[in-house]
Amino acid sequence: MNILAIESSCDETSAAVISNGKICSNVVATQLIHQQYGGVVPELASRAHQQHVLPVVERALSDAKVTKKDLHAIAFTRGPGLLGALLVGTSFAKAMALGLNIPLIDVHHMQAHVLAHFIEDPKPCFPFLCLTVSGGHTQIVKVRDYLDMEIIGQTMDDAVGEAFDKTAKLLDLPYPGGPLIDKYAQQGNPLAFEFPPVEMPGLDYSFSGIKTSFMYFLQKKTRENPNFVQENLPDICASIQHTLVRILLKKLKRAAKETGIREIAIAGGVSANSGLRKSLTELGEEMGWNVYIPRFEYCTDNAAMIAIAAHYKYLQNDFTDQKVSPLARMEF
Ligand code: KG4
Ligand code: ZN
């Protein structure tokens, strides 16, 4: 059984082929055009997807050594994401499925981030908790089965990836700033500066306040010393990263306690963060959890995760049809 999967929800055009549950190719074309604007420009993302989708799909097929005739289904990211960007992948997948007369599988982008854990060993056992952290989402997901998930906690405002990117922007770092904060943080002292975390009830998060308090902090410090950022960049990055990671793990710990679940996973772009990976590993040892952290290439957006999600949907005969349209917001 060969499935071609296409991901186009944000600024990565990606295609992958999965054969009987095994990933055979995963091609990702990152759009560099957005760097000069300090964030993703939706219209430019749609155009870049249009330019990339055909060569990326052709490469994914040739890497996997399959032809179009060998395919049994076409999968695509239906949402959530940028509507114009999603429309490119959705239209391409629909046209290809129609042309080849094979079934079409729609995939939820955030569920796919969670299911990236089933691409390779070690795989979590059900039920497990997955902290799903990306540029648009921050969720604690209770995963009962491959396609049975429930959000038990989430951000009420900004996503943690946004908090990384916005604080990086205040430091004049280029987009996306998350990986750069991570890089500088590795040489800094995480306890150099303190930022008060915003307390939220239950298992929910809030990250919009951090950006504002960070902005006031920078304004005050640069008034005192105009070279403050240049002289303290590693310590600033380490301190902000430490604060964000501490907020993330505090609620995850609470969720594990409330549910009694000890299988703990992380997913999404921010799960590539070395501070989060290290702190979660240490916390897991302390709490006696089994911790699952995806390989870097399966953390940020990729079509392999769409392909593995499609594999499980195929096994359950869960198909869509030619009437399907993308959804910028999409329920679980
Ligand atoms: O999952 P993803 O690739 O795209 C979305 O679905 O949003 O996540 C992108 C987010 C961006 O905010 C980016 O800055 C963040 O993931 N990110 C990181 C790191 N790598 C990517 N944040 C912190 N540290 C990293 N190493
Ligand atoms: Zn994502």
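Above this text is the structure in question.
So, here's what we can say about the structure.

Parameters at a glance
Residues numbered from 1 in each chain as written. Chains lettered and ligands numbered in written order. Predicted model: local features only at pLDDT ≥ 70, side-chain atom pairs only at ≥ 80, totals over all residues. Heavy atoms only, no water. Near = heavy atom within 4 Å. Polar contact = N/O pair within 3.5 Å; in protein donor to acceptor, adjacent residues only side chain to side chain. Helix = DSSP H or I, 4+ residues; strand = E, 2+ residues; numbered from the N terminus. Nonpolar A, V, L, I, M, F, W, Y, C, P; charged D, E, K, R; others polar. Donors = N, O, S within 2.8 Å, 3.2 Å for Na, K, Ca; no water. Buried < 20%, exposed > 50% of the residue type's maximum accessible area, 1.4 Å probe, protein only. Pairing = 2+ DSSP bridges. Axes fitted to C-alpha atoms, helices over the stretch in contact; angles between N-to-C directions. Parallel < 35°, antiparallel > 145°, perpendicular 65-115°, else oblique. Contact = heavy atoms within 4.5 Å. Right-handed = clockwise from strand over helix to strand, strands pointing away.

1. Quick look at the site of ligand 1
Thinking step 1. In the neighbourhood of ligand 1, 18 residues make up the surrounding shell, with Gly 135, Asp 165, Asp 182, Gly 269 and Asn 273 lying closest.
Thinking step 2. Interatomic distance of 2.6 Å between a side-chain N/O atom of Asp 165 and an oxygen atom of ligand 1.
Thinking step 3. A distance of 2.9 Å separates a nitrogen atom of ligand 1 from a polar side-chain atom of Asn 273.
Thinking step 4. For the shell around ligand 1, the secondary structure elements donating two or more residues are helix H3 (109-115), helix H4 (160-170) and helix H5 (178-185).
Thinking step 5. A per-class count over the shell around ligand 1 returns 5 nonpolar, 10 polar and 3 charged.

2. What to know about the coordination of the zinc ion (ligand 2)
Thinking step 1. Coordination of the zinc ion (ligand 2) by the protein involves His 109 (NE2), His 113 (NE2) and Asp 301 (OD), with metal-donor separations of 2.1 to 2.2 Å.
Thinking step 2. For the zinc ion (ligand 2), the single-chain donor residues occur in sequence as H-x3-H-x187-D. Note that His 109 is positioned in helix H3 and Asp 301 in the loop between strand E10 (290-292) and helix H9 (303-315), a separation of 192 residues in sequence. In this pair, the class of His 109 matches that of Asp 301, namely buried.

3. Some words on the sheet that holds strand E5 (residues 104-108)
For sheets, the rule is that strands pair by backbone hydrogen bonds, running either parallel or antiparallel.
Thinking step 1. What the 5 strands build is an open sheet, ordered E3-E2-E1-E4-E5; its pairing is mixed. Looking at the sheet topology across the chains shown, the edges are occupied by strand E3 (22-30) and E5. Across this sheet, the average inter-strand angle for adjacent strands is 20°, counted without regard to direction.
Thinking step 2. In the sheet, strand E4 (residues 73-79) pairs with E5 via 5 bridges, with the strands oriented parallel. Considered in E5, the bridge of Ala 75 is made with Ile 105.

4. Quick notes on the packing of H4 against helix H7 (residues 228-259)
Thinking step 1. In contact at an axis separation of 11 Å, H4 and H7 are set at 170° when each is read in the N-to-C sense. Relative to H7, the element H4 is oriented roughly antiparallel. Each of Val 160, Ala 163, Phe 164 and Thr 167 in H4 lies in contact with H7, whose residues at this interface are Ile 240, Gln 241, Leu 244 and Leu 248.

5. Thoughts on the pairing of E4
Thinking step 1. Most of E4 sits out of view: 7 of its 7 residues are buried.
Thinking step 2. Note: strand E1 (residues 2-7) against E4, 4 bridges, orientation parallel. Bridge pairing in E4 links Ile 6 to Phe 76.
Thinking step 3. The parallel pair E4 and E5, bridged by helix H2 (residues 83-100), forms a crossover whose chirality is right-handed.

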